[in-house]
Amino acid sequence: MIDLNKVGVNPNDEADKAMLADLQGNILNGHGRNMAKHIFISFKAGKEVQARTWTQNELSKQITSMLSQLQERAKIESGQITKAESSTFVSFMLSASGYNALGFDKNNMPEDEQFQGGMKEARAKLNDPLSDTWDAAFQDNVDAVIIVADNFAAALELSLIHISEPTRPRLI
């Protein structure tokens, strides 16, 4: 159980270590890479099982945990590795429409009403323009986003190919 009233997280404390290993990176602080690419995903209707299988069995293995991110940062700060030697960072985020597209009901997604309503519904509060003025690719639902980040363009591009190519014919 995570204590939400606790102040500070210690990656050397066993209780915190377990929580950090289960939390994806980029949540408590930024990934710190020089370059990032974002893959925006809309899942195909009728492909819920394939999409859930892909996220659970393939993509989840590539997600950078907060523990890994903090441990790598500590190695950089202590001089054990250089920033250039850091690993590729990967994170995955679902929107409310993504939860729905994967077959989750409202009881199995974040309870926040604004999250469940989506960014289009929160447009005024976010001070965003009308969605029909957005780039065409974003006018439909964006179910998920994958962030891939690295300090080297070649490594970033290889990771993008490895992550995005298998999804195109099956899921999006």
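Calculation criteria
- Residues numbered from 1 in each chain as written.
- Predicted model: local features only at pLDDT ≥ 70, side-chain atom pairs only at ≥ 80, totals over all residues.
- Heavy atoms only, no water.
- pLDDT = per-residue confidence, 0-100.
- Helix = DSSP H or I, 4+ residues; strand = E, 2+ residues; numbered from the N terminus.
- Contact = heavy atoms within 4.5 Å.
- 1 Å grid on protein atoms, 1.4 Å probe; cavity = no way out; pocket = protein on both sides within 12 Å on 5 of 7 lines; lining within 4 Å.
- Points joined across faces, edges and corners; volume = space filled by probe spheres on them.
- Nonpolar A, V, L, I, M, F, W, Y, C, P; charged D, E, K, R; others polar.

Draft legend 1. Fine view of the confidence of the model for the protein. When pLDDT is averaged along the protein, the result is 86; 92% of the residues meet or exceed 70. Confidence scores differ between elements of the protein, with helix H7 (residues 153-164) showing the lowest mean pLDDT of 83 and strand S2 (residues 89-94) the highest of 94.

Draft legend 2. How the structure looks around the side chain of Ser91. With respect to the helices and strands, Ser91 occurs in strand S2. Residues within four places of Ser91 in sequence aside, it is in contact with Gln24, Gly25, Ile63, Val145, Ile146 and Ile147.

Draft legend 3. Structural view of the layout of surface pockets. Within this model, the largest pocket holds a volume of roughly 560 Å³. Taken together, 23 residues line the largest pocket, and the ones lying closest to its centre are Ser95, Gly118, Met119, Lys120 and Val142. Going through the elements one at a time, S2, helix H4 (96-101), helix H5 (113-117) and strand S3 (144-150) are the ones with two or more residues in the lining of the largest pocket. Ranked by residues supplied to the lining of the largest pocket, first place goes to H5 with 4 residues. Here the residues of the lining of the largest pocket are counted per class, giving 11 nonpolar, 8 polar and 4 charged. In this structure, the second largest pocket occupies an estimated 370 Å³ of space. Lining the second largest pocket are 15 residues, with Gln24, Phe92, Met93, Leu94 and Tyr99 sitting closest to its centre. Contributions of two or more residues to the lining of the second largest pocket are made by helix H2 (48-57) and S2. By residue class, the composition of the lining of the second largest pocket is 10 nonpolar, 4 polar and 1 charged.

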